[in-house]
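Spelled out from the first residue to the last, the chains are:
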Amino acid sequence: MTVKLSMTQEEEKRAVFLDRSAPLLCPSILSSDLADLAASVRGLEGQLDMVHCDVMDGHYVPNLTFGPPVIRALAKHTDKPLDVHLMVTNPDELLNLYAEAGATTLVVHVEAVRHAQRTLARIRELGCFAGLSLNPGTPLESVKWLLPDLDMILLMSVNPGFGGQSFIPQVMDKIREARRMIEASGYPVRLQVDGGVDPENAQDLVRAGADMLVAGSAIFGSPSPKDAARELRRLIRQARLQL
Ligand code: DX5
Ligand code: ZN
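Residues numbered from 1 in each chain as written. Chains lettered and ligands numbered in written order. Predicted model: local features only at pLDDT ≥ 70, side-chain atom pairs only at ≥ 80, totals over all residues. Heavy atoms only, no water.

## A few points about the overall build of the protein
Line of reasoning, step 1. Looking only at helices and strands, the protein features ten helices and eight strands.
Line of reasoning, step 2. Over its C-alpha trace the protein gives a radius of gyration of 17 Å, about what one expects of a compact globule, namely 18 Å for 243 residues.
Line of reasoning, step 3. Expressed along its principal axes, the backbone C-alpha trace of the protein runs to roughly 50 × 45 × 40 Å.
Line of reasoning, step 4. Residues counted as buried form 54% of the 243 residues belonging to the protein. (Helix = DSSP H or I, 4+ residues; strand = E, 2+ residues; numbered from the N terminus. Rg over C-alpha atoms; globule rule 2.2 N^0.38 Å. Buried < 20%, exposed > 50% of the residue type's maximum accessible area, 1.4 Å probe, protein only.)

Encoded structure:
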């Protein structure tokens with residue numbers, strides 16, 4: 001007799017993040033219809049891996065978006081894991097609320113936290129994957145000694161705060177260097193790129209070593225977000241197979 005063990009929804013979400021067989025496409029809802037988030041995400045059906053949620057506080061970045069209540073509401077409308085990018089000055093104070101709201105990953109900015117190692121440990125304690133984000137000018141050296149405490153590094157390829165900006169070209173070399181650093185460490189850290197990702201640069205980003213790509217305007221600014229997501233996903237999977 002075989003016993004079928006079914007994964008809980010939470011385990012399924014974690015399995016998406018842990019599956020290294022293909023790069024993950026993380027559409028950023030920042031560029032979607034924020035008044036109808038459930039429909040925005042539903043519209044991408046089958047063409048996304050994680051939902052990237054940009055939390056902005058009007059202090060760390062010059063823009064304000066949403067917080068735990070909106071994330072909690074969205075979580076009820078999708079079975080996809082939520083990738084929560086905190087662009088806030090005081091992430092430590094609300095980590096538990098984001099975890100309870102349904103975040104699968106919680107990413108804080110290394111420039112915004114006072115004791116990054118403590119924050120990362122807390123995120124893991126809360127049952128989320130811990131990510132650290134670096135602005136374009138922030139050196140990789142700032143995460144080098146934190147690799148054992150990390151599940152992902154997010155390299156910003158624009159200055160955080162707004163969707164629709166152009167990719168800063170020198171980040172391509174930073175991705176290569178980050179990938180080398182991760183491989184040399186032996187820790188299973190994912191490498192995400194966020195900002196100005198489009199069909200023109202997506203394959204180069206994967207070749208450089210990125211394995212999670214965020215895309216906002218390239219998807220939601222398109223006449224057919226679902227087709228745009230399908231094409232981006234096809235491109236990044238193809239690039240990975242050719243590595
Ligand atoms: C920028 C945000 C990004 C943004 C990306 O501060 O972190 O996630 O939504 O948008 P695009 O893909 O339009 O550059
Ligand atoms: Zn983001």
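Next, the rest of the story.
## Some remarks on a negative patch on the surface
Line of reasoning, step 1. Taken together, the side chains of E10, E11, E12 and D79 present a region of like negative charge at the surface.
Line of reasoning, step 2. Tracing the sequence through the fold places E12 in helix α1 (residues 9-18).
Line of reasoning, step 3. Relative accessible area serves as the criterion here: at 41%, E12 is assigned to the partly exposed category. (Patch = residues over 30% accessible without salt bridge, like charges linked within 9 Å, V, L, I, M, F, W, Y side chains within 5 Å. Areas by Shrake-Rupley, 256 points an atom, 1.4 Å probe, with all protein chains shown as cover. Salt bridge = Lys/Arg side-chain N within 4 Å of Asp/Glu carboxyl O. Lys, Arg positive; Asp, Glu negative; His and termini not counted. Charge placed at Lys NZ, Arg CZ, Asp CG, Glu CD.)

## Quick word on the pattern of salt bridges
Line of reasoning, step 1. Taken as a whole and judged by the stated rule, the model has eleven salt bridges.
Line of reasoning, step 2. Between D49 and R237 there is a salt bridge; the shortest N-O distance is 3.9 Å. One end of the pair, D49, is in the loop between α2 (37-42) and β2 (51-56); the other, R237, is in helix α10 (residues 225-241), with 188 residues separating them in the sequence.
Line of reasoning, step 3. A relative accessible area of 35% means that R237 is categorised as partly exposed.

## With respect to the pairing of strand β3 (residues 82-87)
Line of reasoning, step 1. Summarising burial for β3: six of the six residues are buried, a large majority.
Line of reasoning, step 2. Two elements, β2 and β3, share six bridges in a ladder whose sense is parallel. The residue bridging V55 from the neighbouring strand is L86, located in β3.
Line of reasoning, step 3. Each parallel crossover has a hand, and for β2 linked through helix α3 (residues 68-75) to β3 it is right-handed.
Line of reasoning, step 4. In the sheet, β3 pairs with strand β4 (residues 103-109) via five bridges, with the strands oriented parallel. Across the sheet, the residue bridging to D83 is T105, located in β4.
Line of reasoning, step 5. Crossover connection from β3 via helix α4 (residues 95-101) to parallel β4: handedness right-handed. (Pairing = 2+ DSSP bridges. Right-handed = clockwise from strand over helix to strand, strands pointing away.)

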